[in-house]
Amino acid sequence: MQKLQFPENFLWGVATSSYQIEGGNFNSDWWEWEKAGKTEGKTGKACDYWNRYKEYHDLLEELGVKFFRLSVEWSRIEPEEGKFSKEAIEHYREILQDIKKRNVKIQLTLWHWTSPVWFQKKYGFYKKGSAKVFTRYVEKIVKEFGNLIDMYITFNEPMVPLGMGYLTGAFPPGCRNPFKFYAALGNMAKAHNESYRIIHDVKPDTKVGITFLYNWYESKGLGILLDAINKITQWYRIDFFGNKIKNFQDYIGIDYYRLGKIRFSLRNLKLDARNQNYFGFTIDEDKNNVMRWISYPEGFYYVLKEAWEKYKLPIYVAENGMPTRKGLEDEERVKFMKEHLAFLHKAIEDGVDVRGYNYWSLMDNFEWLYGVGPRFGLVEMDFENIKHEKRKSFYEYAKICRSNEVESE
Ligand code: BGC
């Protein structure tokens, strides 16, 4: 057993997103999606973070984290086009102030996959003018909350909602149209670049970036063909969007979860995004995991190295976590976390400039298409009674945050 010491000022944190925890976001396109029966179960009150945020902020203090990633819900702030809700803004201000009172820095995501219903109906990111509408909202946020925010993420993992929303149709707006996809990608990149400028005009020193869903992919069988597919996958997931925002990032935000081993099978030639099947191309699965995800700590190291070599910008791990079933004795999560942190430590020792790490997530929450089945929290949620209880991983992560070191085998 050895103790791995992390750099002084390393930012230990936890991550969440508004739609997944707040509850009651009835002006959102995702609520429409849920009502249309496209998800397993509904958010309803979720963790009721909107009302009970103080209880959850107490947990931040107990953990001893220095960093909290959360998002604000555009559909609450601008419930009608061009009309901002004073009430929602004041409520968010209270939430943000309560975090700062506890000496915790804020990493704010401006768009974590959800849009107001009016936006989705009238624009959607594929339409001309959508970037302008988005940046008007960003300008409002920066003017209202700028003094409270330490770091911004404009878009969370843009390629996920773009691919799912415009190619596979599994997320709103549910299109399967490559032209709309390409237009939306361009507009989102434009919206990011313009937001970057707006934020820096108001707050020159606040860091701005996006997050990439940066899992590690490998191919299996079929030799050269799959290698080529692997390279295309990597380009699609990282560079396609990344190249369009190259000079508009102060840091690289990485979300790392798992290994994707691509293989080809004649068994299912359909497009079925929910089951990770893309016209016969599919990825290997761990049948023991609730989302069938393969944990691959080494991949975390490869990803950090690759991102550093590619961008030479400071890296913040904006999300890393594991889905499990219900249960407080989550040994597998503790193992996952320690193994991943050991590889993160190795990357730092090899010169990769990683400044912070967020565990996803503080509490169990609404896992999009999969409802509340998969559990990612350091804290377990009883969604019926809206009560929470700490898991073993909560106490273990608190030890890490407080000691700034990780015990590794
Ligand atoms: C998303 C989260 C999601 C998590 C687990 C990330 O890609 O940002 O919203 O809950 O993955 O699936």
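Residues numbered from 1 in each chain as written. Predicted model: local features only at pLDDT ≥ 70, side-chain atom pairs only at ≥ 80, totals over all residues. Heavy atoms only, no water.

Caption draft 1: Structural context of the overall build of the protein chain. Assigned secondary structure in the protein chain consists of 13 helices and 17 strands. Relative to the 2.2 N^0.38 estimate, which gives 22 Å for 409 residues, the radius of gyration of the protein chain is 20 Å and therefore close to what a compact globule would have. Taken along the three principal axes of its C-alpha coordinates, the protein chain extends 55 × 50 × 45 Å. The buried share among the 409 residues of the protein chain stands at 61%. Across the protein chain, the fraction of contacts at a sequence separation of at least 24, relative to all contacts at a separation of at least 6, is 75%. Counting only carbon and sulfur atoms, one obtains 50% of the accessible surface of the protein chain, whose full area is about 17100 Å². Here the protein chain carries 61 positive and 57 negative side-chain charges, and the mean point of each set is 5 Å from the other. (Helix = DSSP H or I, 4+ residues; strand = E, 2+ residues; numbered from the N terminus. Rg over C-alpha atoms; globule rule 2.2 N^0.38 Å. Buried < 20%, exposed > 50% of the residue type's maximum accessible area, 1.4 Å probe, protein only. Contact = heavy atoms within 4.5 Å. Areas by Shrake-Rupley, 256 points an atom, 1.4 Å probe, with all protein chains shown as cover. Lys, Arg positive; Asp, Glu negative; His and termini not counted. Charge placed at Lys NZ, Arg CZ, Asp CG, Glu CD.)

Caption draft 2: Looking closely at the site of the ligand. Every residue near the ligand is listed here: Gln20, His112, Trp113, Asn156, Glu157, Tyr257, Trp293, Glu319, Trp360, Glu367, Trp368 and Phe376. Between the ligand and asparagine 156, the relevant distance is 2.9 Å, taken from an oxygen atom to a side-chain nitrogen or oxygen of the residue. At a separation of 2.8 Å, an oxygen atom of the ligand approaches a polar side-chain atom of glutamate 319. Considering the ligand on its own, with 310 Å² of exposed area, one finds that the protein chains cover 95% of that surface. Each residue belonging to the shell around the ligand can be placed in one class, and the counts come to six nonpolar, three polar and three charged. (Near = heavy atom within 4 Å. Polar contact = N/O pair within 3.5 Å; in protein donor to acceptor, adjacent residues only side chain to side chain. Nonpolar A, V, L, I, M, F, W, Y, C, P; charged D, E, K, R; others polar.)

Caption draft 3: Quick peek at helix 10 (residues 223-242). The terminal C-alpha atoms of helix 10 lie 28 Å apart, and with 20 residues this matches the ideal 28 Å at 1.5 Å per residue to within 8%. At tyrosine 236, helix 10 shows its maximal bend, which comes to roughly 40°. Regarding helix 10, the residues found buried are Leu226, Ile229, Asn230, Thr233, Gln234, Arg237, Ile238, Asp239, Phe240, Phe241 and Gly242. (Expected span 1.5 Å × (residues − 1). Bend = angle between axes of the 7 residues up to and from the residue.)

Caption draft 4: Expanded view of the pairing of strand 2 (residues 11-15). Judged by how many residues are buried, strand 2 sits mostly within the fold: five of five residues are covered. Burial along strand 2 is two-sided: Leu11, Gly13 and Ala15 facing one way and Trp12 and Val14 facing the other are all buried. Here strand 2 pairs with strand 14 (residues 354-360) via five bridges, running parallel. The residue of strand 14 that forms the bridge with leucine 11 is glycine 356. Pairing between strand 2 and strand 3 (residues 67-71): three bridges, direction parallel. Across the sheet, the residue bridging to valine 14 is phenylalanine 68, located in strand 3. (Pairing = 2+ DSSP bridges.)

Caption draft 5: Local environment of the pattern of salt bridges. Within the structure shown, the criterion is met by 33 salt bridges. With its nearest N and O atoms 3.3 Å apart, the salt bridge here joins lysine 335 to glutamate 339. Of the two residues, lysine 335 and glutamate 339 are both situated in helix 12 (residues 331-349); the distance of four residues between them amounts to about one turn of the helix. Taking relative accessible area as the criterion, glutamate 339 reaches 29% and is therefore assigned partly exposed. Counted as one network, the salt bridges with shared partners bring together Asp58, Glu61, Asp98, Lys101 and Arg102. (Salt bridge = Lys/Arg side-chain N within 4 Å of Asp/Glu carboxyl O.)

Caption draft 6: Representation of the sheet that holds strand 8 (residues 252-256) in the model. Taken together, eight strands build a closed barrel; the order of strands is 2-3-4-5-6-8-13-14 and the barrel is parallel. On average, each strand axis in the sheet is tilted by 25° relative to the strand beside it, whichever way the strands run. Across the sheet, helix 3 (residues 49-63) is in contact with strand 2 and strand 3; its angle to strand 3 comes to roughly 160°. (Axes fitted to C-alpha atoms, helices over the stretch in contact; angles between N-to-C directions.)

Caption draft 7: Just the environment of leucine 167, in detail. Tracing the backbone through its elements, the reader meets leucine 167 in the loop between helix 8 (159-166) and helix 9 (178-202). Overall, the relative accessible area of 29% leaves leucine 167 in the partly exposed class. In sequence terms leucine 167 and phenylalanine 181 are 14 residues apart; their C-alpha atoms lie 6.6 Å from each other. Beyond its immediate sequence surroundings of up to four residues, leucine 167 is in contact with Leu162, Cys175, Arg176, Pro178, Phe181, Tyr236 and Leu271.

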